[in-house]
Amino acid sequence: MFSEQNYTMLCDFYQLTMGNGYFMTDYADKTAYFDLFFRRVPDNGGYAVCAGLEQAIEYIENLRFDADDIDFLRSKGIFSERFLDYLRNFKFEGDVFAVPEGTPVFPYEPLITVRAPAIQAQLIETMLLLLINHQSLIATKASRIVRAANGRAISEFGSRRAQGASGAILGARAAYIGGCAGTACVISDKLYNVPATGTMAHSWVQMFDSELEAFKKYCEVYPDSTTLLVDTYNVLKSGVPNAIKAFDEVLKPLGKRPKGIRLDSGDIAYLSVEARKMLDEAGYPDCKIVASNSLDEYIITDLLSQGAKIDLFGVGERLITASSEPVFGGVYKLCAVEENGMITPKIKISENVAKITNPHFKKLYRIFDNKTGKAEADLLCVHDEEIDSTKPIELFDPNYTWKRKTFSDFTAKELQVPVFKDGKRVYNPPKLDDIRDYCKKQLDTLWESVLRFENPHNYYVDLSQKLWDIKQDLLNQKNK
């Protein structure tokens, strides 16, 4: 399992130099608040899907510096012995709040908020970003591809093209959260119960003296789950006809029905239409047609618009690497510090407006219209604010403040949940199937205009008046 590996040293070196600096300047115990958020949805989409929290929890629970880690750091010659002694007995003692996996999320929302002593909060930055960025990226891409398939099942086929072992294993997990029906990656089934599926490669067909013999032997070995790859030589002249012969000569006498055929090359739209006719005429209308070969949401949309007769899709490299935009872009920024019970908001200012942060320890609410059940907007508040759903609430665009809308019949749901309290886990991650179901239900609360691929509607993440005022005051102070 992921938790069996000690990833404490998977951090950026500055996290340790800063930790040592905090320790040597008496900032070690100052409480810091950090938000993990992203600034832009990949592929210019309208939403993202949050994933990776379960592995983040395992990472935090297993943080430890082994003796060889301490020896390595000592060899660098820049860390004080007092700091190394601190690391030797290191244990995370902070609080963590997070958006549950499978939740549709939007730019500038804190997916994770960490409240902890400065050294501890800083140390976990890289690994949290690595885990949340990667799985959120793949879950988001999977969700787009699943939606493009319009009810047809998607299997993740990308292990051999993934960036490393964890990219394949955790990528399959994230793809399942995003709605995929299964994966070709067996270890992801073993570790995370992502259903592993698969049949044959072209080498099976090439191994035998003839395509027909290869098909018949496969039918004999797997009569209850026969899916034949029909494009090794010629789909319409030999592949489909030989598949039908094998079905007739092996499966039919056994009273069995074939599961499907797979197309992996050529003009898949045309070939699927012709193959469907041939299968139907041969008495196999229930035999599914599976398509693979460098697919993504755009190609799948085009295939279906061309009338392709495809029942299932296997999607590989463009899913597991999110190749159209392979970076999620999550960041981890200080938003407040606390001393003697007093929280002081902090802000990062940049000439690049997109990089200006939202200060303070915050709450994140989603506003649902009670009549439609649809999510209308999200609202970032200061941590001590409460929303009274019995009274109308006015939301405004934090960048274009004249854009305002009042909601009166609504439900406000707080999105973050407590995950760690004083270093102890207080949250049990749901089962993966439950996360997947939750993701689907939450996506159903978004308007179609937010879900579309091209020019999606901008889903608003607004600031409360109190938070907006605090942000403006900080901007004014820093610009004096």
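Up top is the structure these notes are about.
Described below are features of the structure shown in this document.

Criteria and cut-off values
- Residues numbered from 1 in each chain as written.
- Predicted model: local features only at pLDDT ≥ 70, side-chain atom pairs only at ≥ 80, totals over all residues.
- Heavy atoms only, no water.
- Axes fitted to C-alpha atoms, helices over the stretch in contact; angles between N-to-C directions.
- Helix = DSSP H or I, 4+ residues; strand = E, 2+ residues; numbered from the N terminus.
- Left-handed = near helix turned anticlockwise from the far one by under 90°.
- Contact = heavy atoms within 4.5 Å.
- Nonpolar A, V, L, I, M, F, W, Y, C, P; charged D, E, K, R; others polar.
- 1 Å grid on protein atoms, 1.4 Å probe; cavity = no way out; pocket = protein on both sides within 12 Å on 5 of 7 lines; lining within 4 Å.
- Points joined across faces, edges and corners; volume = space filled by probe spheres on them.
- Pairing = 2+ DSSP bridges.
- Right-handed = clockwise from strand over helix to strand, strands pointing away.
- Buried < 20%, exposed > 50% of the residue type's maximum accessible area, 1.4 Å probe, protein only.
- Arc of directions from axis to C-beta.
- Core = buried A, V, L, I, M, F, W, Y, C linked by side-chain atoms within 4.5 Å.

## Points about the packing of helix H11 (residues 235-251) against helix H12 (residues 268-281)
Phase 1 of the analysis: Two elements in contact, H11 and H12, have axes separated by 11 Å at closest approach and are oriented at 35°. When the axes of H11 and H12 are compared, the crossing they make is right-handed. For the pair H11 and H12, contact is made by Val 235, Leu 236, Val 240, Pro 241, Ile 244 and Phe 247 and by Tyr 270, Leu 271, Glu 274, Ala 275, Met 278 and Leu 279, respectively.
Phase 2 of the analysis: For the contact of H11 with H12, a count of residues per class yields 11 nonpolar, no polar and 1 charged.

## A few points about the layout of surface pockets
Phase 1 of the analysis: There is about 960 Å³ of room inside the largest pocket.
Phase 2 of the analysis: Going through the elements one at a time, strand E6 (153-156), helix H9 (202-207), strand E8 (227-229), strand E9 (260-263), strand E10 (288-291) and strand E11 (312-315) are the ones with two or more residues in the lining of the largest pocket.
Phase 3 of the analysis: Element by element, the count of residues in the lining of the largest pocket is highest for E11, at 4 residues.
Phase 4 of the analysis: Looking at the lining of the largest pocket residue by residue, the class counts come to 13 nonpolar, 15 polar and 7 charged.
Phase 5 of the analysis: The volume enclosed by the second largest pocket comes to roughly 810 Å³.
Phase 6 of the analysis: Forming the walls of the second largest pocket are 30 residues, and the residues nearest its centre are Pro 107, Tyr 108, Asn 399, Asn 458 and Val 461.
Phase 7 of the analysis: Ranked by residue count, the leading element in the lining of the second largest pocket is helix H17 (residues 465-478), at 4 residues.
Phase 8 of the analysis: Residues that form the lining of the second largest pocket fall into these classes: 17 nonpolar, 8 polar and 5 charged.

## A closer look at the pairing of E6
Phase 1 of the analysis: Here E6 pairs with E11 via 4 bridges, running parallel. Paired with Glu 156 across the two strands is Val 315, which belongs to E11.
Phase 2 of the analysis: In terms of strand pairing, E6 meets strand E7 (residues 182-183) through 2 bridges, oriented parallel. Residue pairing for E7: Ser 155 is matched across the bridge by Gly 182.
Phase 3 of the analysis: Following the chain from E6 across helix H7 (residues 165-177) to the adjacent parallel E7, one finds a crossover that is right-handed.

## So, the side chain of Asp 95
Phase 1 of the analysis: Within the secondary structure, Asp 95 is located in strand E3 (residues 95-98).
Phase 2 of the analysis: With relative accessibility at 3%, the residue Asp 95 sits in the buried group.

## Focus: helix H3 (residues 67-75)
Phase 1 of the analysis: Those residues of H3 that fall on the buried side of the exposure criterion are Asp 69, Ile 70 and Leu 73. For H3, the arc enclosing every buried residue in end-on projection is 100°, short of the 170-degree limit, so these residues lie on one face. Opposite its buried face, H3 presents the exposed residues Ala 67, Asp 68 and Ser 75, each directed more than 90 degrees away.
Phase 2 of the analysis: On its buried face, H3 sits against helix H1 (13-24) and helix H4 (81-88).

## Things to note about the sheet that holds E3
Phase 1 of the analysis: Reading across the sheet, the 7 strands line up as E13-E12-E1-E5-E3-E19-E20 and stay open at both edges, with antiparallel pairing between neighbours. Two strands in the sheet have a free side with no partner beyond their single neighbour: strand E13 (342-345) and strand E20 (424-425).
Phase 2 of the analysis: Set on the sheet, helix H2 (residues 53-61) makes contact with E3, strand E5 (112-117), strand E19 (417-421) and E20; between it and E19 the angle comes to about 15°.
Phase 3 of the analysis: Of the strands in this sheet, strand E1 (31-38), E5 and strand E12 (330-339) touch helix H6 (residues 125-148), which is tilted by about 135° from E12.

## So, the nonpolar core
Phase 1 of the analysis: In terms of nonpolar packing, the biggest core is built from 131 residues, with Val 114, Leu 128, Phe 247, Ile 261, Ile 300 and Phe 313 touching the most fellow members.
Phase 2 of the analysis: A total of 11 residues in this core trace back to one element, the largest contributor, which is H6.
Phase 3 of the analysis: Grouped together as the second largest cluster of nonpolar side chains are 9 residues, Ala 377, Ile 393, Phe 407 and Phe 410 included.

## Observations concerning the sheet that holds strand E14 (residues 362-369)
Phase 1 of the analysis: Spatially, E18-E14-E15-E21 is the arrangement adopted by the 4 strands of the open sheet, whose pairing is mixed. Of all the strands in the sheet, the pair left with one neighbour each is strand E18 (410-414) and strand E21 (461-463). Adjacent strand axes in the sheet meet at a mean angle of 30°, parallel and antiparallel pairs treated alike.
Phase 2 of the analysis: Of the strand pairs in this sheet, E14 and strand E15 (residues 375-382) are connected by 7 bridges, and their pairing is antiparallel.

## Re empty space enclosed by the protein
Phase 1 of the analysis: Within the structure shown, the criterion is met by 2 cavities of 30 Å³ or more.
Phase 2 of the analysis: Here the largest cavity defines a volume of roughly 80 Å³.
Phase 3 of the analysis: Lining of the largest cavity is provided by Asp 35, Phe 37, Tyr 108, Pro 110, Lys 333, Leu 334, Cys 335, Ile 356, Thr 357, Asn 358 and Lys 362.
Phase 4 of the analysis: For the lining of the largest cavity, the secondary structure elements donating two or more residues are E1 and E12.
Phase 5 of the analysis: In terms of residue class, the lining of the largest cavity is built from 6 nonpolar, 2 polar and 3 charged.

So yeah, pure geometry; function would need other evidence.
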